[in-house]
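As a plain string of letters, each chain reads:
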Amino acid sequence: MSNVLDAFLQENLQDLRDQGLYNEVDPVEGPNGAKIQVRGKELINLSSNNYLGLATNEELKRIAKEAIDKYGVGAGAVRSINGTLDLHVKLEEKLAEFKGTEAAISFQSGFNCNMAAISAVMDKNDAILSDQLNHASIIDGCRLSKAKIIAFKHSDMEDLHAKAKAAQESGLYNKVMIITDGVFSMDGDIAKLPEIVKIAKELDLITYVDDAHGSGVTGKGKGTVKHFGLEKDIDFQMGTLSKAVGVVGGYVAGKQSLIDWLKVRSRPFLFSTAVTPGDVAATTAALQMIIDSTELHDKLWENGDYLKAGLKELGFNIGASETPITPCIIGDEKLTQEFSKRLFEEGVYAKSIVFPTVQKGAGRVRNMPTAAHTKEMLDEAMSIYGKVGKELGIIK
Ligand SMILES: *Cc1c(COP(=O)(O)O)cnc(C)c1O
């Protein structure tokens with residue numbers, strides 16, 4: 001290894017470890033369900049994004065296996081050459097139906113979708129107004145586009161309005177976009193989309209909503225744009241197929257002309273191999289399940305409300321979540337990590353989340369209840385929270 005690289009790595013890794021910011025990754029030794037096995041220990045799992053339990057659904061497993069038998073394990077090429085299987089076309093039709101739009105395009109992941117879609121439309125002569133708490137993939141997608149990035153204060157509509165107006169009146173930009181998470185993943189709050197749409201209409205802004213944590217969860221499962229009835233007003237309805245939908249992939253739903261453009265100009269569609277047949281078939285079937293029934297969605301919210309009420313009652317600071325996402329905000333990074341470690345020892349897997357995922361001093365253990373949890377599991381988890389919280393002086 002080069003001496004310069006070696007010195008860089010030694011110094012920076014040690015620095016992260018000293019600050020309590022080095023994240024240890026634990027392999028899960030089995031399905032990522034309501035209970036998981038890690039280091040040989042069975043734990044109540046409060047850390048997955050498997051909101052509806054679909055990642056381990058038996059019917060979806062069967063459908064994926066059938067698709068593998070028929071098509072093989074790989075798609076064989078990039079989408080624009082001959083990696084587009086009829087399965088991908090069906091998925092995209094289903095996505096458009098799910099989101100209430102003319103058309104949709106799917107990608108290999110939500111992250112890569114944000115890399116793809118933003119830079120296919122925005123360039124160095126444009127500006128993007130970006131919520132300060134937007135997801136890393138939005139930030140990177142914006143950077144890749146080379147557009148001027150103008151951050152606005154989290155969900156602060158006055159700040160957004162002032163900055164949007166200034167950007168338009170400056171005459172410096174050809175196009176101006178506003179981009180936001182639909183549901184903010186670290187706090188569980190929902191973007192103020194009706195106000196955002198109003199500002200966008202007044203100032204002629206392009207609107208882009210990343211609803212990775214909303215689809216399957218808000219809007220009776222159809223997402224945050226649907227929750228507010230704004231399907232006709234948001235230009236890019238972006239989402240992931242890896243969270244509530246339970247498989248893998250990302251997508252943009254919108255007008256036919258937008259999707260046609262993304263199919264010729266988004267680089268991961270042109271230069272990265274298409275998602276595998278098994279995944280695409282399972283994803284399409286998972287979307288159909290979400291369209292057909294709100295049973296899993298209802299169970300998810302019931303569990304979320306139950307967990308929130310219980311943790312609040314115990315005295316934890318659960319922030320201001322409007323969705324099943326339930327943070328326990330602790331603050332200090334080392335204490336947060338110690339708390340998570342003790343929860344593990346007692347039988348709960350709830351990962352600590354610290355800088356750079358959240359701001360410094362805003363360390364938290366984030367709980368993700370799912371439709372697959374039982375009341376008994378949540379009760380057990382909360383009794384462990386009470387015990388460990390008192391032991392570490394986080395609650396009284
Ligand atoms: C998780 C997430 C993504 C990335 O989605 P993947 O499919 O996991 O790559 C993008 N945006 C937001 C807001 C997310 O929470």
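Residues numbered from 1 in each chain as written. Predicted model: local features only at pLDDT ≥ 70, side-chain atom pairs only at ≥ 80, totals over all residues. Heavy atoms only, no water.

Let's talk about the environment of Lys175
The test is simple: Secondary structure elements are taken from DSSP: a helix is a run of H or I of four residues or more, a strand is a run of E of two residues or more, and numbering for both begins at the N terminus. Remark: exposure states derive from per-residue accessible area (1.4 Å probe, protein chains only) relative to the maximum for the residue type, with buried under 20%, exposed over 50%, and partly exposed in between. Residues are treated as being in contact if the distance between any of their heavy atoms lies within 4.5 Å. Any N or O atom pair separated by 3.5 Å or less is treated as a polar contact, with the protein-specific requirement of one donor-capable and one acceptor-capable atom, and with residues adjacent in sequence counted only for side-chain atom pairs.
Its location among the elements puts Lys175 in the loop between α7 (157-170) and β6 (176-181). In this structure Lys175 comes out as partly exposed when scored by relative accessible area, which is 28%. Each C-alpha atom, one on Lys175 and one on Leu205, is 7.4 Å from the other, the two residues being 30 residues apart in sequence. Setting aside residues no more than four positions away along its own chain, Lys175 makes contact with Val121, Met122, Asp123, Asn125, Asp126, Ala127 and Ile206. Polar contacts involving the side chain of Lys175 include one to the main-chain carbonyl oxygen of Val121, which spans 3.1 Å. In this structure the side chain of Lys175 is engaged in a polar contact, spanning 2.9 Å, whose partner is the side chain of Asp126.

A look at the site of the ligand
Selection criterion: A single heavy atom is enough: if one lies within 4 Å of a molecule or strand, its residue is considered near that molecule or strand. For accessible areas, the Shrake-Rupley method is used with a probe of radius 1.4 Å. Any residue's cover is judged against the shown protein chains and nothing else.
In the region of the ligand, 13 residues are neighbours, and Gly110, Asp210, Thr240, Ser242 and Lys243 sit closest. One of the side-chain N or O atoms of Thr240 is found 2.6 Å from an oxygen atom in the ligand. Contacts to the ligand include Ser242, whose side-chain N or O atom sits 2.5 Å from an oxygen atom. Here the ligand, which alone exposes 380 Å², has 86% of that area covered by the protein.

A word on the domain arrangement of the protein
The condition that has to hold: Annotation comment: domain bounds sourced from an automatic or database domain assignment. Once two parts are joined, some of their accessible surface, as seen by a 1.4 Å probe, is lost; buried area is that loss totalled over both. A carboxyl oxygen of Asp or Glu within 4 Å of a side-chain nitrogen of Lys or Arg is what we treat as a salt bridge.
Domain annotation for the protein reports domain 1 (23-51 + 294-391) and domain 2 (59-292). Spacing between the C-alpha centres of domain 1 and domain 2 amounts to 27 Å. Taken together, the contact pairs 23 residues of domain 1 with 17 residues of domain 2. Looking only at domain 1, the three residues that lose the most surface to domain 2 are Tyr51, His297 and Glu322, adding up to 29% of its buried area. On the surface where domain 1 and domain 2 come into contact, there are 1 salt bridge. Residues Arg364 and Asp187 are paired through a salt bridge, measuring 2.9 Å at the closest nitrogen-oxygen approach. Inspection of the region where domain 1 meets domain 2 yields 9 residue pairs in polar contact (both at pLDDT 80 or more). Those elements that place two or more of their residues in the side of domain 1 that touches domain 2 are α13 (295-314), β10 (326-331) and β13 (363-367).

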